[in-house]
Amino acid sequence: LQIPSADHRAGAGGSAANAALETIHLALTGYASIGVTDGASASPSLESRDEWLCESLKTLSKWTEGCKAITLSQLHETLSATPTTSPPNDINNRVPPSLLTQLLSLLSAQSHQKQWSTALHAQNSLIHSSRALAAAISNTGDYGTSSRRAAASLLLSSLPPPVEFLRHPLSLSQSQHWEDAIVALSDLAATLAREEMDDVATCRMVGSTDLVELLLSLQSHPVHAVAVPVLEAWLTLQDVPTSERHPDLASPLYGRLVEVILKRVAYPPSFVSWEEELDVDEADFEEMRRLATDVLVGAYFLMRAGYLEKLAGVILSAKQNGGAGVGTSNGGGTPYNNNATATATNNHQWEMVEASLYCLTAVSREACARVKSVSNAVRGGRDSPVSGDGTATASGLTQLAGMICAGGAQSASGRHPLVLSGVASFLGGYSAIWALSCPPPSILQILSYLSLAIAVPAAMEAAGKSVRSVAIASASTLSSAANSTPELYDGISATLAQAMDAALATGNAKVMNNVAEGCARLAVQLRDSTRVRAILSAMAMPTLQRARSALDAMVSSSGMDNSGVAASQMEAASQVLSSCLGVLREIIRFCDEPPKGSGDVHILSDVLTAAWPLLNDISSQQCCRA
């Protein structure tokens, strides 16, 4: 087993690999027959025989994993060359089955014929058999050969009854709570699908649809290590052009897959915080969401507006059923047709709404690009081949956003703070669509909603980031509207001041900087420099006041004895001062441009006039230099 893999690819190494396989094959042939209920007497040393069988399977798995020359074809073609001396009608004179057939018998309904001495041996046989077969499938040195295709066909055709390859051992492992065996079997199923996807995608081989159904059930498994390997299979399927797939493995399959993933990425219904959560690991949960994103994007490309409709239906049904909806109707109609969509019932309340918002946000970049391409085509006087889908996307999402915002941030937060965080991310993710499709008052309503969400700790960072996104994306739209409707300046000024006040109240430097950047970049786009100067002053003055208070606290603490209280006060005050100066930096950085007219005053003149005494005092204080 220590022969270098480079030798395996050579002739002598190949002979050594074949010899090793034959040795393992003979061992499996001998040990696997012990305890089979074929009328033979049971061995008095059944447990030791099971131990040797499991060790042989373990050796095979290690050998197959380490030697890339061991392929699926070789397992299928491996037959013992050792002649037998038994009488013609003796059971030992039968031609021993191939290694692939032996593994198949251990991983199918045929395994119930085997009498195991202990449950541990039965579980280990499933683990090592699965690993050995998965490794051989992954070794694609025989890819494209007729022998590999025959072996793959044998495995796929064994999935339906009565053989029930993979299905029977999975059912047994579930009933016995053999988690390690379930993980190994899931990895084997995903590997088979991934490596043989060209044939599976066409469904021409018997058992292909059975494998897809099995993968769907494994994807919904609550154990993280069971569900994760399956995601890679869906990504591999996405690489197969839809013209080369069976029709059922396009939009219909991904519609079902979205519902499975939706439930799989949802928080536990009783979730309060990760510190109190005992059933789900935070790292596993975040990894599942991160890995599922690419699959969701692929589903969106196939389903387009249907993807958004399905997820919006979950949110709407929660509200209609008295569940954890996130708003009330705004009188503007119901976004999307709610027929044949996933639903959130009393058993799927806030966590399903939050998961739907997450899945909507996961494809926001792709959906926004779709809508922008249609908008650009219309603006250029061209027909867009996706105009219908783009228009439906923009209209449905805009109505959904209106319904959400009409309920107020308190409504979503009252269901669960994580729902409000999901709403905030959703509103920020689709900022480009709001800029194209929403009237200015609706955009200001979204910004106001996000400002209220900043006050909720669970939604604070998501809301701050989304204020930045919405403000930047809608700056041109609001500027054009304010130029034709000067009364809009008052609304813009009040909304930006509200956002800055909310961000400052958090004391979170990241939130403060995001909001300051967004507000500054929106303000600088406005055309009335006098109003812009007033807006920037209204944004900056609360920051300067907090910075002055923090500086006074630092000076006061520096005059105290070197006590723990003084050090704590000094640290807290210096952090506040630093974060306030960071906000001022963002405002200056994005508004540092020359006046629009020769006689105009710079839009930052009032801000800098107010800030200069503070900056001068900071530079002169010894406590600020230490």
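Placed above this text is the structure.
The rules behind these values
- Once a new chain begins, its residue numbering starts again from 1 and follows that chain's sequence as written.
- Totals for whole chains, interfaces and linings use all residues, but because this is a predicted model, local features are given only for residues with pLDDT of at least 70 and pairs of side-chain atoms are given and counted only at 80 or more.
- Side-chain numbers come from the whole structure's heavy atoms, not from hydrogens or water.
- Patch definition: residues with relative accessible area over 30% and no salt bridge; like charges joined within 9 Å; nonpolar side chains (Val, Leu, Ile, Met, Phe, Trp, Tyr) joined within 5 Å.
- What sets the accessible areas is the Shrake-Rupley method with a 1.4 Å probe; for residues, cover comes only from the shown protein chains.
- Each salt bridge in this description consists of a side-chain nitrogen of Lys or Arg and a carboxyl oxygen of Asp or Glu lying within 4 Å of one another.
- Counted as positive: Lys and Arg. Counted as negative: Asp and Glu, with His and the chain ends omitted from the count.
- Charged groups are reduced to one reference atom each: NZ for lysine, CZ for arginine, CG for aspartic acid, CD for glutamic acid.
- By the criteria applied, helices consist of DSSP H or I runs no shorter than four residues and strands consist of E runs no shorter than two, each listed in order from the N terminus.
- Note on classification: 1.4 Å probe, protein chains only; a residue is buried when its accessible area is under 20% of the maximum for its type, exposed when over 50%, partly exposed between these limits.
- Definition of a polar contact: a pair of N or O atoms within 3.5 Å, with one able to donate and the other able to accept a hydrogen when the atoms are protein atoms, and with sequence-neighbouring residues admitted only if both atoms are side-chain atoms.
- Note on contacts: a residue pair qualifies if any of its non-hydrogen atoms lie within 4.5 Å across the two residues.
- Here an angle of 0 to 180 degrees is reported between the N-to-C directions of two axes, which are lines fitted to C-alpha atoms, with helices fitted over the stretch in contact.
- Rotating anticlockwise by less than a right angle from the far helix to the near helix defines a left-handed crossing, while the corresponding clockwise rotation defines a right-handed one.
- Three classes are used: nonpolar for Ala, Val, Leu, Ile, Met, Phe, Trp, Tyr, Cys and Pro, charged for Asp, Glu, Lys and Arg, and polar for all others, with Gly counted as polar.
- For classification purposes, an angle smaller than 35 degrees is called roughly parallel, one larger than 145 roughly antiparallel, one from 65 to 115 roughly perpendicular, and anything else oblique.
- To pair, rings of Phe, Tyr and Trp, with the six-membered ring standing in for Trp, must have centres within 6.5 Å; the planes then decide the type, stacked if under 30 degrees apart, edge-to-face if over 60, and tilted in the middle.
- A helix is expected to span 1.5 Å multiplied by its residue count minus one.
- Nonpolar cores are built from buried Ala, Val, Leu, Ile, Met, Phe, Trp, Tyr and Cys residues. Side-chain atoms within 4.5 Å join them into one set.

Trainee: Could you clarify how one ought to interpret a negative patch on the surface in this entry?
Mentor: A cluster of acidic residues, E275, E276, D281, E282 and E286, forms a negative patch on the protein surface. You can see D281 is positioned in the loop between α13 (251-264) and α14 (282-303).

Trainee: Mind showing me how you'd approach the pattern of salt bridges here?
Mentor: Oppositely charged side chains can pair when the atoms bearing their charge come close. Overall, the coordinates contain 18 salt bridges when judged by the stated rule. A salt bridge links D389 to R370; its shortest N-O distance comes to 3.0 Å. Linking D389 in helix α18 (residues 387-407) with R370 in helix α17 (residues 364-379), this pair joins segments that are 19 residues apart in sequence. Per residue, the accessibility class of D389 equals that of R370, and both read buried. E461 serves as the salt-bridge partner of K510, at 3.9 Å between the closest nitrogen and oxygen. Taken together, the residues span a long stretch of sequence, with K510 in helix α25 (residues 509-523) and E461 in helix α23 (residues 460-484) at a distance of 49 residues.

Trainee: For this particular structure, what's the right way to read the side chain of Q219?
Mentor: Within the fold, Q219 resides in helix α11 (residues 208-219). Here Q219 falls in the buried class, since its relative accessible area comes to 0%. At 3.1 Å, the side chain of Q219 and the backbone oxygen of A227 are in polar contact. Each residue touching Q219, except ones within four places of it in the same chain, is listed here: A227, V230, L231, W234, L257, V260, I261 and R264.

Trainee: Whenever I open this one, the packing of α18 against helix α20 (residues 417-429) confuses me. Can you help?
Mentor: Where α18 contacts α20, the axes come no closer than 11 Å and their chain directions differ by 140 degrees. In this structure, α18 meets α20 at a crossing whose hand is left-handed. Residues L397, L400, A401, I404 and C405 of α18 pack against V423, F426 and L427 of α20. Here the residues of the contact of α18 with α20 sort into 8 nonpolar, no polar and no charged.

Trainee: Explain the packing of α11 against helix α12 (residues 224-238) here, please?
Mentor: Running from N to C, α11 and α12 point in directions that differ by 135 degrees, and their axes come no closer than 8 Å. With respect to α12, the element α11 is oriented oblique. Read as a crossing pair, α11 and α12 show a hand that is left-handed. Two secondary-structure elements touch here, α11 through V212, L215, L216, L218 and Q219 and α12 through V226, A227, V230, L231, A233 and W234. A breakdown of the residues in the contact of α11 with α12 according to their chemical character gives 10 nonpolar, 1 polar and no charged.

Trainee: What's the story with the packing of aromatic side chains in this structure? I'm lost.
Mentor: Any pair of aromatic rings gets described here by the distance separating the centres and the angle formed by the planes. Scanning the entire structure with this criterion turns up 11 aromatic pairs. Their ring planes at 55 degrees and their centres at 5.4 Å tell us that W274 and F285 sit as a pair that is tilted. Taken together, the positions of W274 in the loop between α13 and α14 and F285 in helix α14 put the pair 11 residues apart, joining distant regions of the chain. The exposure classification of W274 matches that of F285, with both residues buried.

Trainee: How do you make sense of α13 when you look at a structure like this?
Mentor: Owing to its 3.6 residues per turn, the α-helix brings residues three or four apart onto one side. With 14 residues, α13 ought to run about 20 Å at 1.5 Å a step, and its terminal C-alpha atoms sit 20 Å apart, in line with that. Along α13, the positions that sit buried rather than exposed are L253, Y254, G255, L257, V258, V260, I261, L262 and R264.

Trainee: Is there a simple way to think about a nonpolar patch on the surface in this case?
Mentor: On the surface, a nonpolar cluster with roughly 290 Å² of combined accessible area is contributed by L581, W612 and L615. Relative to the assigned elements, L581 resides in helix α27 (residues 564-591).

Trainee: Would you mind showing me how to read the nonpolar core here?
Mentor: The nonpolar side chains of soluble globular proteins are, as a tendency, buried together. Among the nonpolar cores identified, the biggest contains 191 residues, and L133, W234, Y307, F426, Y430 and W434 are the most heavily contacted of them. Setting aside its immediate chain neighbours within four residues, Y430 contacts L308, L360, T361, V363, S364, A367, C368 and L397.

Trainee: How should the side chain of D142 be read in this particular structure?
Mentor: On the secondary structure map, D142 appears in the loop between α6 (119-138) and α7 (146-157). Relative accessible area serves as the criterion here: at 7%, D142 is assigned to the buried category. At 3.5 Å, the side chain of D142 and the side chain of T71 are in polar contact. Setting aside chain neighbours within four positions, we find D142 in contact with T71, L72, S73 and R148.

Trainee: Would you explain α6 in this entry?
Mentor: Taking 1.5 Å per residue, 20 residues should reach 28 Å; α6 reaches 29 Å between its end C-alpha atoms and fits that length. The element α6 is largely enclosed, with a buried count of 15 among its 20 residues.

Trainee: Help me out: how do you make sense of unusual backbone geometry in this one?
Mentor: Glycine aside, residues mostly have negative phi angles, and peptide bonds mostly take the trans form. With an omega of 5 degrees, the peptide bond between P161 and P162 qualifies as cis. Tracing the chain through its elements places P162 in the loop between α7 and α8 (167-176). Positive phi, normally seen in glycine, also occurs at L166, with a value near 70 degrees. Along the chain, L166 falls in the loop between α7 and α8. For L166, a relative accessible area of 0% gives the class buried. One non-glycine residue, R304, lies in positive phi territory at about 55 degrees. Take R304: it is sitting in the loop between α14 and α15 (305-320). In this structure R304 comes out as buried when scored by relative accessible area, which is 17%.

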